[in-house]
Amino acid sequence: MIKLEGVSKTYGAGPTAVHALKNIDLEVPKGAIHGVIGLSGAGKSTLIRCVNLLERPTEGNVIVDGQDLTRQDSEALRQSRHQLGMIFQHFNLLASRTVFDNVALPLELMGVSKGEIRERVEPLLDLTGLTDKATQYPAQLSGGQKQRVAIARALASRPKVLLCDEATSALDPQTTASILELLQDINRKLGLTILLITHEMEVVKSICHRVGLISDGELVEEADVGDFFTAP
Ligand code: ADP
Ligand code: ADP
């Protein structure tokens, strides 16, 4: 579902250039929950942002569902991005919009009709346990509830892939567990492929099928999660 071939990303040029990613090959099959773990500054955020071309790789190809995104023009890329939902550490909700209207936003931007927006948003509020919060504003919600809104919004365009950028790093352990459970639910019920980056071992251990370790811009190790954590 996601394939990175020889992806490199360099910020800047000359003696101050930062080689954030170095020749990354990565394959995430359909339906998998794949984790990439690494220390701060290892290149995790750059890696996940290269998958939806929020960052343009300096070299290499990014193939999602058979389409090479690095070769698409901006209109094609805009369409392809509907296949890729993304959630963030700090949720990135709009303060002036209710829960319902935050989830509806991507659909409004796609020109979906009001009636269809309602038909699509309501089941997502149900799925994420937010039905009774629909008319509240982000400031009235807990961190976990905000992340649920962000997840519902990410699913609104019916993506095939969910990208999670440190999605639980701002949450306490109990809330983290409930968000991870929701992600697992979404993976099982909707068949979504999930790529997540994190610096937290527990996140990877609890939901990932396979995990890669990134260090100084290189994917240095990759294994099924059971093998990854078993001492030799
Ligand atoms: P992580 O998410 O693992 O903390 P990042 O991908 O954010 O790592 O950063 C990898 C490296 O790239 C770091 O050295 C960081 O300072 C550098 N970097 C990230 N974004 C930029 C940018 N926009 N401009 C310059 N350097 C950057
Ligand atoms: P149903 O079988 O009634 O379609 P599902 O369990 O497949 O229900 O999905 C629950 C809700 O999630 C549906 O109302 C559907 O609109 C929505 N949905 C289904 N697939 C996706 C997807 N890939 N991304 C986002 N939302 C989806």
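A quick note: this is a predicted structure, and the numbers were derived from the prediction, not measured. All chains use their own residue numbering, which begins from 1 and follows the written sequence. Going through the entries in the order they are written, you letter the chains from A and number the ligands from 1. This being a predicted model, a pLDDT of at least 70 is required before a residue's local features are given, and a value of 80 or more before pairs of side-chain atoms are given or counted; all residues contribute to the totals for chains, interfaces and linings. Where side-chain values are given, they derive from all heavy atoms of the structure, hydrogens and water being excluded.

### Quick word on the site of ligand 2
Point 1. If even one non-hydrogen atom of a residue comes within 4 Å of a molecule or strand, that residue is called near it. The full set of residues close to ligand 2 is P123, L124, L155, R158, P159, L190 and L192.
Point 2. Side-chain atoms alone can form a polar contact between residues adjacent in sequence; in general such a contact is a pair of N or O atoms within 3.5 Å, and within protein one must be able to donate a hydrogen while the other accepts it. In the environment of ligand 2, an oxygen atom lies 3.1 Å from a nitrogen or oxygen atom belonging to the side chain of R158.
Point 3. In the model, a nitrogen atom of ligand 2 is placed 3.3 Å from a nitrogen or oxygen of the P159 main chain.
Point 4. Look at ligand 2: alone it shows 540 Å² of surface, and the protein chains cover 52% of it.
Point 5. Any residue that is not Ala, Val, Leu, Ile, Met, Phe, Trp, Tyr, Cys, Pro, Asp, Glu, Lys or Arg is counted as polar, Gly included; the first ten are nonpolar and the last four charged. Split by residue class, the shell around ligand 2 holds six nonpolar, no polar and one charged. Each accessible area value is a Shrake-Rupley result obtained with a 1.4 Å probe; residue values ignore everything except the protein chains displayed when judging cover.

### What about the environment of V28?
Point 1. The way it works is that DSSP assigns letters per residue, a run of H or I at least four long becomes a helix, a run of E at least two long becomes a strand, and they are numbered from the N terminus. Relative to the helices and strands, V28 resides in strand β2 (residues 18-28).
Point 2. Overall, the relative accessible area of 1% leaves V28 in the buried class.
Point 3. Separated by 72 residues in sequence, V28 and F100 have C-alpha atoms that sit 32 Å apart.
Point 4. Here, two residues are considered to be in contact whenever any of their heavy atoms come within 4.5 Å of each other. If we ignore the near neighbours within four places in the chain, the residues touching V28 are M1, I2, H34, T193 and L195. Accessible area is worked out with a 1.4 Å probe on protein chains only. A residue is then buried under 20% of its type maximum, exposed over 50%, and partly exposed in between.

### Side note on the nonpolar core
Point 1. In these notes, a set of buried Ala, Val, Leu, Ile, Met, Phe, Trp, Tyr and Cys residues joined through side-chain atoms within 4.5 Å is what counts as a nonpolar core. In this structure, I87 and L183 are the most contacted members of the largest nonpolar core, which totals 45 residues.
Point 2. Ranked by residues supplied to this core, first place goes to helix α5 (residues 143-155) with six residues.
Point 3. With sequence-adjacent residues up to four places away left out, L183 is seen in contact with I87, I151, L162, C164, I194 and I207.
Point 4. Among the nonpolar cores identified, the runner-up in size contains 27 residues, and M1, L26, A32 and L77 belong to it.

### A closer look at the pattern of salt bridges
Point 1. The rule for a salt bridge is simple: a side-chain nitrogen of Lys or Arg has to be within 4 Å of a carboxyl oxygen of Asp or Glu. With the rule as written, the count across this model stands at 13 salt bridges.
Point 2. Taking the shortest distance from any N to any O, the salt bridge between D65 and K160 comes out at 2.6 Å. Here D65 is found in the loop between β4 (59-64) and β5 (67-68), whereas its partner K160 is found in the loop between α5 and β7 (161-165), with 95 residues between them in sequence.
Point 3. Here D65 falls in the partly exposed class, since its relative accessible area comes to 35%.
Point 4. For K160, a relative accessible area of 35% translates into the label partly exposed.
Point 5. Residue R118 pairs with E122 through a salt bridge whose shortest N-O separation is 3.1 Å. A residue pair is termed a helical-turn pair when its members lie 3 or 4 positions apart in one helix, as R118 and E122 do in helix α4 (residues 114-127) at four residues.
Point 6. Taken together, the shared-partner salt bridges in this structure form one network comprising K9, R49 and E55.

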